[in-house]
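Analysis of the macromolecular model
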Amino acid sequence: MITLKAPPFPRMAILLNSSGTNGMERKITKNFVFRWFECGLSVEETANLCFVSVTEVTQWDEGKKIPHVCKRVMRMASGRELPTIYTKYWDGWRVSGYNLITPAGTYLSRQRLEVIENLGMEDLRALRRPRVKK
């Protein structure tokens, strides 16, 4: 059986075999893998994000069902899911690492989005300027 010792550094885990000591071991559950490895959230970060106690998050890690809304908030906070306020506008878009990926497969980094935004602002200013009639 593989157990996990509480990590000494954020987002870093030490895997031990069943002969580990010190009582800070735990079984690796799907919920723990989701919270820690997929979303990269600590127990405290998750508790603050979902407005629950640290004890509740610990129970999730031990196998208690995570409410759907909390899972969704955790995915959005870690950049794994886009908010769906404007669903029809975001169909096909996704996030990978630090890039926003268009439905056509184009990777947009933060710098590239800033350039696009600045170019768009120039066009908007040009449209707002009063035109001189000849």
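Look up a bit, the structure's there.
Residues numbered from 1 in each chain as written. Predicted model: local features only at pLDDT ≥ 70, side-chain atom pairs only at ≥ 80, totals over all residues. Heavy atoms only, no water.

1. Topic: the nonpolar core
Within the largest apolar cluster, 11 residues are counted, these being Phe34, Cys39, Leu41, Val43, Ala47, Cys50, Val57, Trp60, Ile66, Cys70 and Met74. In terms of residues, this core owes the most to one element, helix α2 (residues 43-50), which gives three residues. Not counting residues up to four positions away in its chain, the partners in contact with Val57 are Arg35, Val43, Thr46, Ala47 and Val52. (Core = buried A, V, L, I, M, F, W, Y, C linked by side-chain atoms within 4.5 Å. Buried < 20%, exposed > 50% of the residue type's maximum accessible area, 1.4 Å probe, protein only. Helix = DSSP H or I, 4+ residues; strand = E, 2+ residues; numbered from the N terminus. Contact = heavy atoms within 4.5 Å.)

2. Describing the pattern of salt bridges
For the coordinates displayed, the defined rule picks out three salt bridges. Two residues, Arg35 and Asp61, come together in a salt bridge whose shortest N-O distance is 2.6 Å. In this pair, Arg35 is assigned in helix α1 (residues 30-38) and Asp61 in helix α3 (residues 54-61), connecting sequence segments 26 residues apart. Under the relative-accessibility criterion, Arg35 is labelled buried at 2%. Since its relative accessible area comes to 4%, Asp61 is described here as buried. (Salt bridge = Lys/Arg side-chain N within 4 Å of Asp/Glu carboxyl O.)

3. So, the state of the cysteines
Applying the stated criterion across every chain yields a total of zero disulfides. We note that Cys39 lacks a disulfide partner, and the nearest cysteine sulfur, in Cys50, lies 9.4 Å from it. Judged by relative accessible area, which is 7%, Cys39 ranks as buried. For Cys50, which is in no disulfide, the shortest distance to another cysteine sulfur is to Cys70 and amounts to 3.7 Å. Exposure remark for Cys50: the relative accessible area of 11% places this residue in the buried category. (Disulfide = S-S within 2.5 Å.)

4. Some words on the sheet that holds strand β6 (residues 107-108)
With respect to topology, three strands assemble into an open sheet ordered β4-β5-β6, the strand pairing being antiparallel. Edge positions in the open sheet fall to β4 (94-96) and β6, since each of these has one partner strand only. Sheet topology note: the β4/strand β5 (residues 99-101) ladder contains three bridges and is antiparallel. The residue of β5 that forms the bridge with Ser96 is Asn99. (Pairing = 2+ DSSP bridges.)

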